Amino acid sequence: MNRNQLAAIVFFAILAGVAFRLYHLDHKVVWSDEIFTRLHVVGLTESDVVAKSRGVRDVGNLSVYLASGDVGHERGFDATVRSIVAEDPHHAPLYYLVERSWIKVFGDSILTERLLSALIGILALPIAFWLAMELFKSIRCAWFFVALMAVSPFFVLYSQENREYALWELSVLLLLTLALRAVRTMSRRDWALYGASIAFSLYTDPLSIAVVGGQTVYFILMERERLAKFAILPILATGAGVAAFVPWLLVIARNRPQIDRGLAETVSGKDPILTTIRTFVSELHLATLDFNAVVRSSASFAISFIALGILLVALIVLHRTAKPRSWALVYCIVVFTAGPMLAMDIIFGGHRSANSRYLVPLFICIELTLAYALSRGVARDPRWAFAFVTLLFGGVASCTASAQASTWWSKYNEHSISVARAINLSERPIIVSDNYVHFLLSLAPYLKPGTRLALSPRCFLCHDSARSEGPERLSAMISPGDDVFLLGPSEQLQRSVRERKTRFASRIRCIDVYRNCASALKLF
């Protein structure tokens, strides 16, 4: 394979990556986390919606209440911040504030909400090129890195979601790049930019503090002789960047009980050590290969270890042939970002390391390592180009499969669209639920506006002190001839509705949420 053919393949991969980020933006389900994004963006809390939904009797009125245009004149940017502080303080506010500005200009459809993340994901690609050039000083490696990032199913997936992870990808790439540039030039301007990038990344995701820690250790280990002459600059830059984040650190410190509530599922449960490590390893192939159907199957384990083998070979090439200043940065970022999560899961229990969205810096380092090893291999033996093309093909095939699907592992394979279609086929549907309100909100965009509701929802993030309507009151809202859909109902509600069924003819169907009832209709 000659140089022109390889350049054409790289160009095609980058073009395909841009297209995948923009294609079918509104095709996948709006899942629960995106519902919370919407609430924060428009300045609502889950508590507001729980209280309001008890008086809402059809989906149309609920949708109007949630629309950004309806609340935009009543709530300002401060309401967005207050909403996050009240219920989701472990999420930093920057993305939500940017998204609020975006939807005020372009509207709040599913497509336009996700378009912001898609454009951010595209903007991250030239920064990826810049990072590889700063780190490896190789144009070929830089283009390989951009191509791999472009068709990475992991990064494409989060570029199509109304969450902060595409912005976090961009901010981490920028943070690493500016750190390397500042060390190289030792100019005040570049160190000031580095300090600003620390604040930018921290206000995108507080987990960036691990990246800052890794870079600091890297500076000390690899650049101490150069930095000794200008120690004040990196100290001031890092200190200023972290100091700018202190206000939100205080928010985090003051709201630990709420953070514990929001992360309860993530930090609970203790698996055997081997299970924890196996789960972590099973996530690594998502950087280059992801067909969803095998992610939770026995084949996933084999694929993961093949991917791990390829990665280990790439790490060996990196360590043996790259300069220490290059491989040391990759090692520091991996150790400081993935290491603590894996260690805490092993020692204290939980599933932090199993949540791939918390591992964005790790996936960037995986792609960097592969790009360097492949570009180095191609320089010595053109046959390495076929390995590079194979990885690109795997990424394109994965993105193609994902683009056609309405749900994916990243959305916990939520089936809102198919469930809503079944409800919409009914002539007189009524949804009755006493479960978390975000389950209904994930269905709402796909339901007919006139679909009736009988709700007494619970809080997931909020603390609800209002008196809930009992199962008998909810079942009393059902009229003769209604098609009843019980959404994740409690045992008491199921019993109350089925007892009432004996008084009049109504068809009752349960929508299963995490196996709370036996039904062909499954939300999760």
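Note that the coordinates shown come from a computational prediction; the quantities given were computed from them, not determined experimentally. (Residues numbered from 1 in each chain as written. Predicted model: local features only at pLDDT ≥ 70, side-chain atom pairs only at ≥ 80, totals over all residues. Heavy atoms only, no water.)

## With respect to the overall build of the chain
Each helix and strand in the chain was counted, giving 27 helices and five strands. For a compact globule of 524 residues, the expected C-alpha radius of gyration is about 24 Å, and the chain comes in at 25 Å, within 12% of that figure. Along the first, second and third principal axes, the C-alpha atoms of the chain reach 80 × 50 × 45 Å. Contacts in the chain between residues at least 24 apart in sequence constitute 77% of all its contacts with a sequence separation of at least 6. A total accessible area of about 22000 Å² is found for the chain, and carbon and sulfur atoms account for 64% of it. Averaging the locations of the 53 positively and 41 negatively charged side chains of the chain gives two centres separated by 5 Å. (Helix = DSSP H or I, 4+ residues; strand = E, 2+ residues; numbered from the N terminus. Rg over C-alpha atoms; globule rule 2.2 N^0.38 Å. Contact = heavy atoms within 4.5 Å. Areas by Shrake-Rupley, 256 points an atom, 1.4 Å probe, with all protein chains shown as cover. Lys, Arg positive; Asp, Glu negative; His and termini not counted. Charge placed at Lys NZ, Arg CZ, Asp CG, Glu CD.)

## Concerning the packing of aromatic side chains
The final tally for this structure, using the stated rule, is 23 aromatic pairs. Geometrically, the ring pair formed by Tyr218 and Phe219 is tilted, given 6.1 Å between the ring centres and 55 degrees between the ring planes. The burial state of Tyr218 is the same as that of Phe219; both residues are buried. Consider the rings of Tyr436 and Phe460, whose centres lie 5.2 Å apart with planes at 75 degrees: the pair is edge-to-face. Taken as a pair, Tyr436 in the loop between strand 1 (429-433) and helix 25 (437-443) and Phe460 in the loop between strand 2 (452-455) and helix 26 (471-476) lie far apart in primary sequence, 24 residues in all. (Phe/Tyr/Trp six-rings, centres within 6.5 Å; stacked < 30°, edge-to-face > 60°. Buried < 20%, exposed > 50% of the residue type's maximum accessible area, 1.4 Å probe, protein only.)

## Quick look at the layout of surface pockets
Counted as a void, the largest pocket has a volume near 1400 Å³. The wall of the largest pocket is formed by 50 residues, among which His90, Gly262, Leu263, Thr266 and Tyr358 lie closest to the centre. Here the residues of the lining of the largest pocket sort into 29 nonpolar, ten polar and eleven charged. Quantified by volume, the second largest pocket comes out at close to 430 Å³. Along the walls of the second largest pocket sit 24 residues, with Thr288, Ile306, Ala307, Ile310 and Leu391 positioned nearest its centre. Where the lining of the second largest pocket is concerned, the elements lending two or more residues are helix 20 (298-321), helix 22 (360-380) and helix 23 (384-404). No other element matches helix 20, which puts eight residues into the lining of the second largest pocket. Residues belonging to the lining of the second largest pocket are distributed by class as follows: 19 nonpolar, five polar and no charged. (1 Å grid on protein atoms, 1.4 Å probe; cavity = no way out; pocket = protein on both sides within 12 Å on 5 of 7 lines; lining within 4 Å. Points joined across faces, edges and corners; volume = space filled by probe spheres on them. Nonpolar A, V, L, I, M, F, W, Y, C, P; charged D, E, K, R; others polar.)

## Observations concerning the side chain of Ser208
Within the secondary structure, Ser208 is located in helix 13 (residues 208-222). You can call Ser208 buried: its relative accessible area is 0%. Apart from the residues within four sequence positions on either side, Ser208 is in contact with Trp168, Val172, Ser201 and Leu202.

## Some details on the state of the cysteines
Enumeration over the complete set of coordinates arrives at two disulfides. Here Cys459 engages in a disulfide with Cys462; their sulfurs sit 1.8 Å apart. Disulfide Cys459-Cys462: the torsion about the S-S bond is -85 degrees, which places it as left-handed. The disulfide partner of Cys510 is Cys517, and the S-S distance across this bridge is 1.9 Å. (Disulfide = S-S within 2.5 Å.)

## Here's the deal with the nonpolar core
Grouped together as the largest cluster of nonpolar side chains are 155 residues, with contacts concentrated most on Phe145, Leu173, Trp191, Tyr194, Ile364, Phe388 and Leu487. The element that contributes the greatest number of residues to this core is helix 11 (residues 165-185), accounting for 15 residues. Listed in part, the eleven residues of the second largest apolar core include Met477, Ile478, Leu493 and Ile508. (Core = buried A, V, L, I, M, F, W, Y, C linked by side-chain atoms within 4.5 Å.)

## Details of the pairing of strand 1
Of all five residues making up strand 1, five are buried, and the element is well covered by its neighbours. In the sheet, strand 1 pairs with strand 3 (residues 483-487) via four bridges, with the strands oriented parallel. The partner of Ile430 across the bridge, within strand 3, is Val484. Alignment of strand 1 against strand 2, held across four bridges, turns out to be parallel. Paired with Ser433 across the bridge in strand 2 is Leu455. Handedness of the crossover joining strand 1 and strand 2 through helix 25 is recorded here as right-handed. (Pairing = 2+ DSSP bridges. Right-handed = clockwise from strand over helix to strand, strands pointing away.)

## A short note on the sheet that holds strand 1
The five strands are arranged 2-1-3-4-5 in an open sheet whose pairing can be described as parallel. Each edge of the sheet is formed by a strand with only one pairing partner; in this case those strands are strand 2 and strand 5 (521-522).

## A short note on the packing of helix 8 (residues 110-136) against helix 21 (residues 324-348)
One way to put it is that helix 8 packs onto helix 21 with a least axis distance of 8 Å and a crossing angle of 130 degrees. Judged on the interaxial angle alone, helix 21 and helix 8 are oblique. Along the contact surface, helix 8 presents Glu134, Leu135 and Phe136, while helix 21 presents Arg325, Ser326, Leu329 and Val330. When the residues that make up the contact of helix 8 with helix 21 are grouped by side-chain class, the tally is four nonpolar, one polar and two charged. (Axes fitted to C-alpha atoms, helices over the stretch in contact; angles between N-to-C directions. Parallel < 35°, antiparallel > 145°, perpendicular 65-115°, else oblique.)

## Describing unusual backbone geometry
The phi dihedral of Tyr514 is positive, around 55 degrees, even though this residue is not glycine. Topologically, Tyr514 is positioned in the loop between strand 4 (507-512) and strand 5. Residues other than glycine seldom take positive phi values, yet Arg515 does so here, at roughly 60 degrees. Within the fold, Arg515 resides in the loop between strand 4 and strand 5.

It is worth stressing that arrangement in space is one thing and function is another; only the former is reported here.
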